Amino acid sequence: GLMAARAMGMAVPGDIGVAGFNDLDLNSVLPDPLTTVRTPRRAMGVQGARALIARIHGVVSARSIALMCELVAGATTRSVGQRPLPVMSPSAAARSP
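Everything numeric in this text was worked out from a predicted model, so none of it was measured.

About the criteria used
Residues numbered from 1 in each chain as written. Predicted model: local features only at pLDDT ≥ 70, side-chain atom pairs only at ≥ 80, totals over all residues. Heavy atoms only, no water. Pairing = 2+ DSSP bridges. Helix = DSSP H or I, 4+ residues; strand = E, 2+ residues; numbered from the N terminus. Axes fitted to C-alpha atoms, helices over the stretch in contact; angles between N-to-C directions. Core = buried A, V, L, I, M, F, W, Y, C linked by side-chain atoms within 4.5 Å. Buried < 20%, exposed > 50% of the residue type's maximum accessible area, 1.4 Å probe, protein only. Contact = heavy atoms within 4.5 Å. pLDDT = per-residue confidence, 0-100.

Moving on, we get to the sheet that holds strand β3 (residues 70–72). Backbone-to-backbone hydrogen bonds join strands into a sheet, with any given pair of strands oriented parallel or antiparallel. As summarised here, the arrangement of the three strands in space is β1-β2-β3, forming an open sheet in which the pairing is mixed. What marks the edges here is a single partner per strand, and that holds for β1 (19–21) and β3. Taking each pair of neighbouring strands and ignoring which way they run, the sheet shows an average axis angle of 25°. Strand direction decides the pairing type here: strand β2 (residues 35–38) and β3, joined by three bridges, are antiparallel. Within β3, the position partnered with R38 by the bridge is E70.

Structure (structure tokens):
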């Protein structure tokens, strides 16, 4: 992730963006606040328990349930509109491996 990209000389978030999942608090071990997706853990538990109870009673519930997640912006990603991506000419693209 973040440390490996930096070890390879990549700028985060300039060259590459790094994001996590489940809103883990890694600020004590990472040099920059990590962009992450916050999941509704309580709602996931409630829905899982409901599905289990329904199954115990012989009722087959939905195979998937959609829950809202939240993007928590940190310092490891950037907006796509902040810097134009480099454009490679067709002749340069043909020469690249």
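We now examine the nonpolar core. Core analysis: the biggest nonpolar cluster contains six residues, these being L2, A5, V12, V18, L30 and L34. Leaving out residues up to four positions away in the same chain, V18 has contacts with G1, L2, V12, L34, T35, T76 and T77.

For the rest of this paragraph, the subject is the confidence of the model for the chain. Averaged over all residues, the pLDDT of the chain equals 80, while 80% of them reach at least 70. For the chain, the element scoring lowest by mean pLDDT is helix α3 (residues 90–95), at 49; helix α2 (residues 41–56) scores highest, at 92.

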